[in-house]
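Close look at the chain arrangement
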Amino acid sequence: MKSATKAPRDYEELIRLIHDRYDEMSKSYQKIALYLTQNPNDVAVKSVNSIGDISGVHASSFVRFAQALGYEGFKELQSLFQKRLSTAAPGFEARVKALETELGGRVDQSEFGFMQDLVVRDIASLQDLLNGIDPDRLSEAVDLLERADVIYLLGQLRSAPVVDLLRYILTMLGKRCVLLDPGGGLATHMGRAMRTTDLLFAVSFRFYANEVVNIVEEAAQRRVPIVAISDSTLSPLAKSARVLFAVPEHEYTFSRSLAAPMCLAQAVTMGLAARIQKNTLNPRIPTVTAQ
């Protein structure tokens, strides 16, 4: 990564520069960039050694990363995160600690203890969602869904449950949708049927499924509108999406939760239901078993 001629003087400028340089960064620098953009509050308060331990990248690499952006060292870069923190909402780990205190923390190693730990982290993740989602982007996503002739849905691996939920709700709302199912190796070929009057709704988290990334990039080249849910504004989906919802993932004891992405998917479809039913007060999602 080439050195910056002038180091960014505020947090927003720094993030823009990281986005501009991301594709040309080394793998270790990309890992640092992801950590910085997904955990700004932790960057503000933790030592560089602690950040290195958590991220799995040696502290000296963080120092070199800062210098490549024009700073004398990591502390100078860190000061931008500290200034931002004075007006920012609490970070994920701070929310977890507050919830653990409120709920009494995990006091046993039983199955219930595991569940309590997951619930606390899911609540913190959902709270982050309220602070991290731009209401205007949410409205724009619903606009795109409403106008689309056909909504194509794409998600593999851990993302598959999110698009399965979307398919169910959109179908019950009477909206034409197609799941780009990887079964049989046809997802890429099915995606080539998309038109500019359609919409691609893609969901992908690290480590991003190659086929998903390729289909999204090909759709963007053909000017198909794209709404995406991913884990970072540095996601490979970001540059192609008309609307990107970045939902940071956090390490869990067992696995990463889908609570926040599922909630976001429901919010988008509830917004669409309100438009279709002309009922902003109490829109309903029909069910298969409804009498």
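Report on the accompanying structure. Each residue is numbered by its place in its chain's sequence as written, counting from 1. Owing to the predicted nature of the model, reporting of local features is limited to residues with pLDDT of at least 70; listing and counting of side-chain atom pairs is limited to 80 or more, with chain, interface and lining totals taken over all residues. Note: side-chain values were computed over all heavy atoms of the structure, leaving out hydrogens and water.

**Topic: the nonpolar core**
Put simply, the rule is: Residues belong to one nonpolar core when they are buried, are Ala, Val, Leu, Ile, Met, Phe, Trp, Tyr or Cys, and are joined through side-chain atoms within 4.5 Å. Exposure categories follow from relative accessible area, calculated using a 1.4 Å probe and restricted to protein chains: below 20% of the type maximum is buried, above 50% is exposed, and the middle band is partly exposed. The helix and strand labels rest on DSSP assignments: H or I over at least four residues marks a helix, E over at least two residues marks a strand, and numbering proceeds from the N terminus. Residue contacts are counted whenever heavy atoms from the two residues lie within 4.5 Å of one another.
Ranked by internal contacts, the top residues of the largest apolar core, which has 33 residues, are L145, I151, L153, F201, V227, I229 and F245. Residue assignment for this core shows that the elements contributing at least two residues are α9 (135-147), β1 (151-155), α10 (160-172), β2 (177-179), β3 (199-203), β4 (226-230), β5 (243-246) and α13 (259-277). By residue number, the principal contributor to this core is α13, which donates 6 residues. The residues contacting L145, other than those within four sequence positions of it, are I151, L170, K175, L199, F201, V227, V268 and L272. Judged by nonpolar contacts, the second largest core, of 29 residues, contains A7, Y11, A33 and F65.

**Notes on the pairing of β4**
This is how the line gets drawn: Call a crossover right-handed when, viewed with both strands pointing away from you, the route from the first strand across the helix to the second goes clockwise. Pairing between two strands is assigned when DSSP locates at least 2 bridges connecting them.
Most of β4 sits out of view: 5 of its 5 residues are buried. With burial as the criterion, each face of β4 is covered, one bearing I226, A228 and S230 and the other bearing V227 and I229. With respect to chirality, the unit in which β3 leads through helix α12 (residues 210-221) into the neighbouring parallel β4 is right-handed. Sheet topology places β4 next to β5; 4 bridges connect them, and they run parallel. If you follow A228 over to β5, its bridge partner there is L244.

**Some words on α13**
Under the convention used in this document: Every helix has an expected span of 1.5 Å times one less than the residues it contains.
The end-to-end C-alpha distance of α13 is 26 Å, a good match for the 27 Å that 19 residues give at a rise of 1.5 Å each. Among the residues of α13, those classed as buried are A260, P261, L264, A265, V268, T269, L272, A273 and A274. Contact partners of the buried residues in α13: α8 (111-132), α9, α10, β3, β4 and β5. At the C-terminal side of α13, K278 shows a positive phi close to 50 degrees.

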